[in-house]
Amino acid sequence: MSKLGQVVESIERYSTFVLDQVKRARADEKFGRELLGRWNDIKAKIPITRTPTGVPLPRLALPEIDEPGEIARYFFAEGLPGEFPFLNGAYREMYLEPIREVESFAKNGEPPQRRARTPLPQAEEPTRLFSGLMLAEDTNERFHYLTQHQRTHRLSTAFDGPTLYGIDSDADGVFGKIGEGGVAIDTVEDMVRLYDGFDLGSPNFSASMTISGPAPIAMAMYIAAAKRRFGPKVVPRLRGTIQADIFKEVQAQNETIFPIEASLRFLTDMVEFTTREMPRWYPISISGYHIGEAGSTPVQQAAYTLSNGFAYAEMFAARGIPVDQFGPRLSFFLDCGLDVEYIALARVSRRIWAIGMRDVFAAGPRAQLFKLHIQTSGRSLVAAEFKNNLTRTAAELMIAYMNATNSCHSNSADEPFTTPSEEWIRLAAHGQAILLEESGIFKHTMNMLSGSPGMKAVERSVEAAILDEFREIERLGGVLAAVEDRYQRSQIQNAAHRYEQQIYNGTRPIIGLNRYRNGAEDIPEVKLARTPRKKQQLQVDRLVKFKKKNAEKAKRALDKLAGVVERGQNCFPMLLQAAEVCSLGQITGRLQEVVGRFRPMV
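Bear in mind that the values here come from a model prediction, so they are computed numbers and not experimental data.

### Quick word on the sheet that holds strand β10 (residues 284-287)
Taken together, the four strands give an open sheet; going across it, the order is β10-β11-β12-β13, and neighbouring strands pair in parallel fashion. Looking at the sheet topology across the chains shown, the edges are occupied by β10 and β13 (407-409). Each adjacent strand pair in this sheet contributes to an overall mean axis angle of 25 degrees, direction not counted. As paired elements, strand β12 (residues 372-376) and β13 share three bridges and run parallel to each other. When the bridges of β13 are listed, Ile374 appears paired with Cys408.

Dropping the structure here:
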């Protein structure tokens with residue numbers, strides 16, 4: 001039995017354990033009194049906050065129960081926010097505004113009374129802003145535009161097609177793709193330009209890079225860029241995430257450049273280095289978003305993401321990296337659409353991950369956390385009457401925050417046509433600000449929308465369906481065997497086909513497209529974001545100059561890198577040296593000479 005099979009058994013055992021605790025609380029008077037006493041003590045210590053209109057609210061909402069069995073069910077099946085099994089949140093408090101001096105509403109015309117309270121530090125904003133267009137300096141300008149009103153700068157970077165495939169901008173046939181759909185990054189000098197003006201070592205800055213195939217190379221370039229600006233001592237302070245998820249590439253997105261075994265080896269080399277040297281960095285974002293965007297059902301997305309995560313954990317443990325070192329450095333990335341399963345998808349995923357990591361991998365509390373970024377669904381955005389996409393995204397944001405996501409990106413309404421413009425990307429970011437800052441839905445009370453009978457019903461159904469997917473993957477021999485058998489990919493394709501059929505036959509309503517459509521609607525005039533040819537030529541010219549300047553150093557660095565790979569040693573330290581003098585395409589090409597290229601499985 002693989003680790004995934006053991007995870008299934010651990011979830012089943014834990015569910016039995018919960019029922020046993022409920023029965024014990026009802027039969028064992030002493031145990032029941034202890035639970036009731038703890039429950040009452042927790043409730044008595046919950047601070048009270050006030051809304052702007054003066055209504056008092058508890059800072060943590062708990063169900064009104066006083067029966068020991070139900071209290072046991074809450075403690076063990078759900079847990080308080082920040083407590084195992086983390087169904088209600090990875091942390092004790094999320095999104096809440098600080099408790100500060102509040103004004104109570106006066107009666108009978110009396111002057112308002114003020115009551116001082118101890119202020120709490122303001123929490124980091126969960127909004128993560130995503131951008132990537134044209135050249136590094138253009139994306140840098142967009143980053144500064146997006147963060148001008150943020151306390152903390154949480155940036156996510158989209159790369160152009162050549163970069164995602166590890167191809168240089170001066171390669172044959174790619175000129176027209178330079179800077180299209182993302183930023184062109186060829187060298188460490190581009191990486192310096194990309195984040196110019198941001199303090200990469202600051203606790204208020206983090207960078208996320210959405211790249212997987214050449215992720216270890218891009219990571220090495222980021223470190224090299226940071227060292228150029230801030231010196232070598234900045235490396236342990238760097239904070240952020242790189243996607244680096246090879247399994248989801250093979251299952252859904254297709255941006256794989258090395259054979260699977262070699263890709264996983266390079267990834268593990270990077271994880272081994274970063275967990276030792278960069279304690280604030282997340283070296284992999286295990287990504288269901290692309291699985292969802294490729295057409296999966298919500299359950300398939302969660303099941304494949306979680307099973308991929310457990311496979312990575314098994315792989316890193318086999319390398320000899322302690323689980324309590326790499327476990328806290330794992331992060332996850334899910335889609336959020338409008339299907340009902342999404343109201344509980346992340347909640348259930350947190351519980352499954354915590355139980356599996358604790359009971360199968362013997363992970364400590366920090367390594368049990370399912371740290372999650374959610375992005376609203378790009379697939380849900382449609383060109384027909386595209387302004388409706390604002391409403392779709394707003395609803396998806398509500399669902400994402402109901403699931404207590406740790407960070408979130410909201411898509412722009414104009415994305416069916418082009419890379420988002422400043423107007424629409426600002427509106428997308430404001431959607432989160434309205435929800436979190438202007439509305440009172442999340443900023444006063446934790447658990448505001450958790451635990452309804454409908455949500456509990458969805459949780460039970462979603463968890464059972466995820467475990468069924470785990471059993472099928474286990475039957476096929478585990479995640480890697482299922483990947484080689486194209487199981488996940490075929491299931492995603494089948495689900496995508498059903499999704500499109502439902503749109504065309506009307507069983508899946510899409511407002512403005514197949515229902516309530518304005519037949520006289522004209523095609524909207526949307527300015528397309530394109531990279532001017534002169535900018536594309538500038539990128540090529542810079543790259544050619546870089547290669548010429550570093551020609552001899554690059555040759556020596558590439559020879560050393562190839563030797564390390566051939567000897568089976570950890571290649572990431574040598575990647576760091578190569579990133580200083582070699583381009584992305586040069587490193588990719590040399591590695592492919594040693595380990596080969598990825599060939600799609602038939």
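### Structural notes on the packing of aromatic side chains
Taken as a whole and judged by the stated rule, the model has 28 aromatic pairs. When the centroid spacing of 5.6 Å and the interplanar angle of 85 degrees are considered together, the rings of Phe17 and Phe76 count as edge-to-face. On the criterion of sequence distance, the pair formed by Phe17 in helix α1 (residues 3-27) and Phe76 in helix α3 (residues 68-78) is long-range, its members being 59 residues apart. Both rings, one in Trp39 and one in Phe75, keep their centres 5.6 Å apart while their planes meet at 75 degrees; by these two values the pair is edge-to-face.

### Re the confidence of the model for the protein
Across the protein, pLDDT averages 92, with 95% of residues at or above 70. Put simply, strand β3 (residues 102-104) is where the protein has its lowest mean pLDDT, 48, and helix α13 (residues 345-361) is where it has its highest, 98. Per-residue pLDDT stays below 50 along residues 101-106; that stretch engages in 19 contacts with residues further than four places along the chain or on separate chains.

### Overview of the nonpolar core
Counting residues in hydrophobic clusters, the biggest one holds 159 residues, and the most contacted among them are Tyr195, Tyr222, Ile242, Phe310, Tyr312, Ile466 and Phe470. Those residues in contact with Tyr312 that lie beyond four places of it in its chain are Asp245, Ile246, Phe247, Leu264, Leu267, Ile284 and Ile286. Counting residues in hydrophobic clusters, the runner-up holds five residues, among them Leu129, Leu146, Ile425 and Ala429.

### Describing the pattern of salt bridges
Tallied over the entire structure, the rule returns 36 salt bridges. Put simply, Glu12 and Arg471 hold a salt bridge, and the shortest N to O gap is 2.5 Å. One end of the pair, Glu12, is in helix α1; the other, Arg471, is in helix α16 (residues 453-475), with 459 residues separating them in the sequence. Its relative accessible area of 36% is what places Glu12 among the partly exposed residues. A relative accessible area of 35% means that Arg471 is categorised as partly exposed. One salt bridge in this structure joins Glu29 and Arg33, with 3.1 Å as the shortest N-O distance. Taken together, the residues span about one helical turn, with Glu29 and Arg33 both in helix α2 (residues 29-44) at a distance of four residues. Among the residues examined, Glu29 registers a relative accessible area of 60% and is labelled exposed. Taken together, the shared-partner salt bridges connect Arg26, Glu67, Glu70 and Arg73 into one network.

### Looking at the packing of helix α11 (residues 298-319) against α13
It is at 11 Å that the axes of α11 and α13 come closest, and there the two elements cross at 25 degrees. Taken together, the axes of α11 and α13 lie roughly parallel to each other. Here α11 runs over α13; the crossing is right-handed. Taking contact as the criterion, the partners of Pro298, Val299, Ala302, Leu306, Gly309, Phe310, Ala313 and Glu314 in α11 are, on α13, Leu345, Ser349, Ile352, Trp353, Gly356, Met357 and Phe361. Taken together, the residues that form the contact of α11 with α13 break down as eleven nonpolar, three polar and one charged.

### A short note on the sheet that holds strand β5 (residues 129-131)
Here five strands make up an open sheet; going across it, the order is β5-β6-β7-β8-β9 and the pairing parallel. Edge positions in the open sheet fall to β5 and β9 (281-282), since each of these has one partner strand only. Here five bridges tie strand β6 (residues 153-157) to strand β7 (residues 205-209), and the two strands are oriented parallel to one another. Of the residues in β7, the one forming a bridge with Ser156 is Ser208. Together, β5 and β6 form the strand contacts of helix α4 (residues 136-146), whose direction differs from that of β5 by roughly 160 degrees.

About the criteria used
- Residues numbered from 1 in each chain as written.
- Predicted model: local features only at pLDDT ≥ 70, side-chain atom pairs only at ≥ 80, totals over all residues.
- Heavy atoms only, no water.
- Pairing = 2+ DSSP bridges.
- Helix = DSSP H or I, 4+ residues; strand = E, 2+ residues; numbered from the N terminus.
- Axes fitted to C-alpha atoms, helices over the stretch in contact; angles between N-to-C directions.
- Phe/Tyr/Trp six-rings, centres within 6.5 Å; stacked < 30°, edge-to-face > 60°.
- pLDDT = per-residue confidence, 0-100.
- Contact = heavy atoms within 4.5 Å.
- Core = buried A, V, L, I, M, F, W, Y, C linked by side-chain atoms within 4.5 Å.
- Buried < 20%, exposed > 50% of the residue type's maximum accessible area, 1.4 Å probe, protein only.
- Salt bridge = Lys/Arg side-chain N within 4 Å of Asp/Glu carboxyl O.
- Parallel < 35°, antiparallel > 145°, perpendicular 65-115°, else oblique.
- Left-handed = near helix turned anticlockwise from the far one by under 90°.
- Nonpolar A, V, L, I, M, F, W, Y, C, P; charged D, E, K, R; others polar.

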